[in-house]
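Below, each chain spelled out in residue letters.
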Amino acid sequence: MSSVDFSTCDICDAHDDVRILDPLTLRDFGGTSVFAGPALTVKVFEDNAPIRELVVTPGEGRVLAVDGAGSVRASLLGGNIAKRAADNGWAGLVVYGCVRDAAELASTPVGLRALGLVPRKTERNLHSGRTGGTIDILGTSITDGDWIYADADGIVITEKPVHNN
């Protein structure tokens, strides 16, 4: 879905059942500020190995939704992972955790929303991650296959793709 096909405001106006991610918490760090696609979920804690494994697979326009438990002690991804995601066709990443390499992220053509920046890298394979199923980001549930729409007005989640008239 291209960036001109939707507006989160219009989606909210037309659909009563949308879920909205907290508008004051997740910041825009990617080179693409408007993105949408079906979600693939992953749950991790201060370990980015599962994220690295996923972004090297074909993204096919999906959005990787990462429940990093809101940790601000280590970044879950930086410029290298974001570049891999862009190169492999991921539309974006929504990260309930921190990222790093702000300048690289801003110049990478992929959508990215996260809590903030922290320069410390993550450890790898410290904790097992879980791919798929339902995760929770800021009190909002996201399940594999839900649709995530992000633009300047916010991030909304729907169970099915929606199209504006």
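Residues numbered from 1 in each chain as written. Predicted model: local features only at pLDDT ≥ 70, side-chain atom pairs only at ≥ 80, totals over all residues. Heavy atoms only, no water.

Notes on the UniProt feature "binding site: substrate" (unreviewed entry) in the chain
Point 1. UniProt's feature table lists "binding site: substrate" (unreviewed entry) at Gly 78, Gly 79, Asn 80, Ile 81 and Arg 100, given in the numbering used throughout. Taking the farthest pair of C-alpha atoms as the criterion, the annotated set spanning 23 residues converges on one region, since that pair is 10.4 Å apart.
Point 2. For Gly 78, the location among the structural elements is in the loop between β5 (75-77) and α3 (79-87).
Point 3. Overall, the relative accessible area of 9% leaves Gly 78 in the buried class.
Point 4. Those residues in contact with Gly 78 that lie beyond four places of it in its chain are Arg 100, Asp 101 and Leu 105.
Point 5. Within the secondary structure, Gly 79 is located in helix α3.
Point 6. Looking at Gly 79, the relative accessible area reads 3%, which means it is buried.
Point 7. Apart from the residues within four sequence positions on either side, Gly 79 is in contact with Arg 100, Asp 101, Glu 104 and Leu 105. (UniProt positions renumbered as here; feature names shortened; annotations may be inferred. Helix = DSSP H or I, 4+ residues; strand = E, 2+ residues; numbered from the N terminus. Buried < 20%, exposed > 50% of the residue type's maximum accessible area, 1.4 Å probe, protein only. Contact = heavy atoms within 4.5 Å.)

Comments concerning unusual backbone geometry
Point 1. The phi dihedral of Glu 46 is positive, around 50°, even though this residue is not glycine.
Point 2. Tracing the backbone shows Glu 46 in the loop between β3 (35-43) and α2 (49-55).
Point 3. Here Glu 46 falls in the buried class, since its relative accessible area comes to 14%.
Point 4. Residue Glu 60 is not a glycine yet carries a positive backbone phi of 50°.
Point 5. With respect to the element layout, Glu 60 can be found in the loop between α2 and β4 (63-67).

Concerning the state of the cysteines
Point 1. Within this structure, the stated rule accounts for 0 disulfides.
Point 2. Left without a disulfide partner, Cys 9 is nearest to the cysteine sulfur of Cys 12, which lies 6.9 Å away.
Point 3. Overall, the relative accessible area of 26% leaves Cys 12 in the partly exposed class. (Disulfide = S-S within 2.5 Å.)

What about the pattern of salt bridges?
Point 1. In this structure the tally under the stated criterion is 5 salt bridges.
Point 2. With a shortest N-O distance of 3.1 Å, Arg 19 and Asp 146 are connected by a salt bridge. Of this pair, Arg 19 sits in strand β1 (residues 19-20) while Asp 146 sits in the loop between β10 (140-143) and β11 (147-151), and the two are 127 residues apart along the sequence.
Point 3. A salt bridge links Asp 87 to Lys 83, with the nearest nitrogen and oxygen atoms 2.7 Å apart. Taken as a pair, Asp 87 and Lys 83 lie in helix α3 at a separation of 4 residues, close to a single helical turn. (Salt bridge = Lys/Arg side-chain N within 4 Å of Asp/Glu carboxyl O.)

Let's talk about the packing of aromatic side chains
Point 1. Per the stated rule, a full pass over the model turns up 2 aromatic pairs.
Point 2. Their ring planes at 65° and their centres at 5.1 Å tell us that Phe 6 and Tyr 149 sit as a pair that is edge-to-face. A residue pair is termed long-range when its members are at least 10 positions apart, and Phe 6 in the segment before α1 (8-14) and Tyr 149 in strand β11 qualify at 143 residues. By the burial criterion, Phe 6 is buried, and Tyr 149 matches it.
Point 3. Aromatic rings pair up to connect Phe 6, Trp 147 and Tyr 149 into one cluster. (Phe/Tyr/Trp six-rings, centres within 6.5 Å; stacked < 30°, edge-to-face > 60°.)

Considering the pairing of strand β12 (residues 154-158)
Along any regular strand the residues' side chains alternate between the sheet's two faces.
Point 1. The buried count for β12 comes to 5 of 5 residues, which makes it a mostly enclosed element.
Point 2. Judged by which residues are buried, β12 turns out to be covered on both faces: Gly 154, Val 156 and Thr 158 on one side and Ile 155 and Ile 157 on the other are all buried.
Point 3. Inspection of the sheet shows β1 paired to β12 by 2 bridges, in the antiparallel sense. Across the sheet, residue Arg 19 finds its bridge partner in β12, namely Ile 157.
Point 4. Pairing geometry for β11 and β12, over 5 bridges, is antiparallel. Bridge pairing in β12 links Ile 148 to Ile 157.
Point 5. As consecutive antiparallel partners, β11 and β12 are separated by 2 residues. (Pairing = 2+ DSSP bridges.)

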